[in-house]
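# Overview (structure and organization)
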Amino acid sequence: MRWRQQRIIMSEKSMSQLYREYRKDKIKENCIVFESLWGRSYSCNPAAFYEYICENHPEYECVWFLNDIETPVPGNAKKVLKKSEEYYHYLATAKYFV
């Protein structure tokens, strides 16, 4: 699968270093990250919150953490592969996590 080829394999040490570096960046006040079932799907309460935010607060940037970025997510959310460099960036800089 394509998403497995994109996964960045890092040691625990390099992941924590990367996260610490991104924590120095400014918090994105209008950014919300969502994850359901440890990234396995778009479902449950996070999906309901996301749909409400999309409908009522389009000013927020919505990001979904997923194990497979081919997972369908309605709307214009950004899909981010878990454990990737981009994942650590959003994990460190998003103001809200659902």
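Throughout what follows, the structure given in this document is the object of discussion.

Rules used in this analysis
Residues numbered from 1 in each chain as written. Predicted model: local features only at pLDDT ≥ 70, side-chain atom pairs only at ≥ 80, totals over all residues. Heavy atoms only, no water. Helix = DSSP H or I, 4+ residues; strand = E, 2+ residues; numbered from the N terminus. Expected span 1.5 Å × (residues − 1). Buried < 20%, exposed > 50% of the residue type's maximum accessible area, 1.4 Å probe, protein only. Arc of directions from axis to C-beta. Contact = heavy atoms within 4.5 Å. Phe/Tyr/Trp six-rings, centres within 6.5 Å; stacked < 30°, edge-to-face > 60°.

### Here we look at helix H3 (residues 44-56)
With 13 residues, H3 ought to run about 18 Å at 1.5 Å a step, and its terminal C-alpha atoms sit 19 Å apart, in line with that. For H3, the complete set of buried residues consists of Pro46, Ala47, Tyr50 and Ile53. Viewed end-on, H3 has its buried residues packed into an arc of 125 degrees, placing them on one side of the element. Exposed and facing more than 90 degrees away from the buried side of H3 are Cys44, Asn45 and Glu55. The inward-facing, buried residues of H3 contact strand S1 (28-34) and strand S2 (61-66).

### Focus: the packing of aromatic side chains
Using the criterion set out here, one finds 9 aromatic pairs in the structure. Ring geometry for Phe65 versus Phe97: centroids 6.2 Å apart, planes at 50 degrees, classification tilted. Of the two residues, Phe65 is situated in strand S2 and Phe97 in strand S4 (residues 94-97); the sequence distance between them amounts to 32 residues. Judged by its relative accessible area of 0%, Phe65 is buried. Aromatic ring contacts, followed pair by pair, group Phe34, Tyr42, Tyr50 and Trp64 into a single cluster.

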